[in-house]
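Each chain, letter by letter, is given below.
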Amino acid sequence: MSTAAPSSVLPAAPRSRLGEPAWEIARLFPSQGAWTEADYLALNSENWMVELSDGCLEVLPMPNAMHQRIVGYLFGLLKAFVLARNLGEVFFAPMPVRLGATKFREPDIMFFRPGRIVDPRKQPDGVDLAMEVVSESHDGRERDMRVKPVDYAAARIPEYWIVDPELQQITVLRLEGDSYTAHGVFGAGGRATSALLLGFEVEVAAVFAAGLQA
């Protein structure tokens, strides 16, 4: 990882005391607003759950078992559907996706049409369908439900699924022009459908039941 230039590091301060954060470690990294793509990708190689947005790092909450069970269930359904029809590839986080010159996001589940991933040794530019299982924290809910729809629409991602365990519903957004419109808001007893992948649908109740069952 590159070291920060003197102008971008925090000012000198006394050594950390017991019970305080390790400020010395923090000062090895660039300040907020000064992170570069190289800095971000080097940090991600250390398995931190972080995203890059306009020079600032956003540290993501670590997923719990329920979150991962839901992700695993949806990933299995989507991958089986895509592979059976030779539609492309499906991946899950952690895998940063470039959304523009200054932004990387890590959707929980990602669908890529053939040819979207030009160089498999580099981070892909964009994605064709993104799914996020909403985090329980306030910041996580705000990011998944308010911030990411704006980012994903700006990156021209055709479809975005918001899977909300708290409300027990799945919202499917499709891109129209420069913004998203609701393809559907699906609750218990219904089946969430894709506008992009015709024929792909999931039973909403089964998705959230998967989060509670080993």
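Residues numbered from 1 in each chain as written. Predicted model: local features only at pLDDT ≥ 70, side-chain atom pairs only at ≥ 80, totals over all residues. Heavy atoms only, no water.

Asks: When you look at the sheet that holds strand β10 (residues 179–187) in this model, what are you seeing that I'm missing?
Replies: Whenever strands of a sheet pair, they do so through backbone hydrogen bonds, lying parallel or antiparallel. Strand order in this open sheet of six strands is β3-β6-β7-β8-β9-β10, and the pairing throughout is mixed. Since the sheet does not close on itself, it has two edges, and those belong to β3 (89–92) and β10, each with one partner. Neighbour-to-neighbour, the strand axes of this sheet turn through a mean angle of 15°, independent of strand direction. Where helix α3 (residues 65–85) meets the sheet, its contacts fall on β3, β6 (109–112), β7 (129–133) and β8 (159–164), and the angle it forms with β3 comes to roughly 170°. (Pairing = 2+ DSSP bridges. Helix = DSSP H or I, 4+ residues; strand = E, 2+ residues; numbered from the N terminus. Axes fitted to C-alpha atoms, helices over the stretch in contact; angles between N-to-C directions. Contact = heavy atoms within 4.5 Å.)

Asks: Got a minute to help me understand the pattern of salt bridges in this structure?
Replies: The final tally for this structure, using the stated rule, is 12 salt bridges. Taking the shortest distance from any N to any O, the salt bridge between R98 and D125 comes out at 2.7 Å. Of the two residues, R98 sits in strand β4 (residues 97–100) while D125 sits in the loop between β6 and β7, which places them 27 residues apart along the sequence. Across the salt bridge formed by R141 and D164, the nearest N and O atoms sit 2.8 Å from each other. (Salt bridge = Lys/Arg side-chain N within 4 Å of Asp/Glu carboxyl O.)

Asks: Where do I start with the nonpolar core in this structure?
Replies: Judged by nonpolar contacts, the single largest core of 25 residues is most densely connected at L78, W161 and I170. Contributions of two or more residues to this core are made by α3, β6, β7, β8, β9 (169–176) and α5 (204–212). No other element matches α3, which puts seven residues into this core. The residues touching I170, leaving out its near neighbours within four places in the chain, are W161, I162, V163, G184, V185, F186, A192, V202, V204, V207 and F208. Ranked by size, the runner-up nonpolar core spans 17 residues in total, among them V134, I157, L173 and Y180. (Core = buried A, V, L, I, M, F, W, Y, C linked by side-chain atoms within 4.5 Å. Buried < 20%, exposed > 50% of the residue type's maximum accessible area, 1.4 Å probe, protein only.)

Asks: Is there a simple way to explain the packing of α3 against α5 in this structure?
Replies: Remark: α3 packs on α5, axes separated minimally by 7 Å, with the N-to-C direction vectors making an angle of 135°. Between α3 and α5, the crossing angle belongs to the class labelled oblique. Between α3 and α5 lies a crossing of right-handed hand. Contacts between α3 and α5 involve M66, R69, I70, Y73 and L74 on the former and, on the latter, A206, V207, F208, A210, G211 and L212. Split into classes, the residues belonging to the contact of α3 with α5 amount to nine nonpolar, one polar and one charged. (Parallel < 35°, antiparallel > 145°, perpendicular 65-115°, else oblique. Left-handed = near helix turned anticlockwise from the far one by under 90°. Nonpolar A, V, L, I, M, F, W, Y, C, P; charged D, E, K, R; others polar.)

Asks: Hey, could you run me through α3 in this one?
Replies: Spacing of three or four residues puts side chains on the same side of an α-helix, whose turn is 3.6 residues. In a regular helix each residue adds 1.5 Å, so 21 residues correspond to 30 Å; α3 covers 30 Å between its end C-alpha atoms and thus fits that length. All of the buried residues along α3 are H67, I70, V71, L74, F75, L78, F81 and V82. Projected down its long axis, α3 shows its buried positions confined to an angular sector of 140°, all on one face. Among the exposed residues of α3, those oriented more than 90 degrees off its buried face are A65, L83 and A84. Contacts made by the buried residues of α3 are with β3, β6, β7, β8, β12 (201–203) and α5. At the N-terminal boundary of α3, the capping side chain belongs to N64, with an oxygen 3.3 Å from the backbone nitrogen of M66. Once α3 finishes, N86 follows within two positions and takes phi at roughly 55°, a positive value. (Expected span 1.5 Å × (residues − 1). Arc of directions from axis to C-beta. Polar contact = N/O pair within 3.5 Å; in protein donor to acceptor, adjacent residues only side chain to side chain.)

Asks: Got a minute to help me understand the pairing of β7 in this structure?
Replies: The two faces of a sheet get side chains in turn, since along a regular strand they alternate between them. Most of β7 is tucked away, with five of its five residues classed as buried. A two-sided burial pattern is seen for β7, the buried positions comprising L129, M131 and V133 on one face and A130 and E132 on the other. With three bridges connecting them, β6 and β7 associate as antiparallel partners. Each bridged residue has a counterpart across the sheet, and for M110 the counterpart in β7 is A130. Here β7 pairs with β8 via five bridges, running parallel. Residue pairing for β8: V133 is matched across the bridge by V163.

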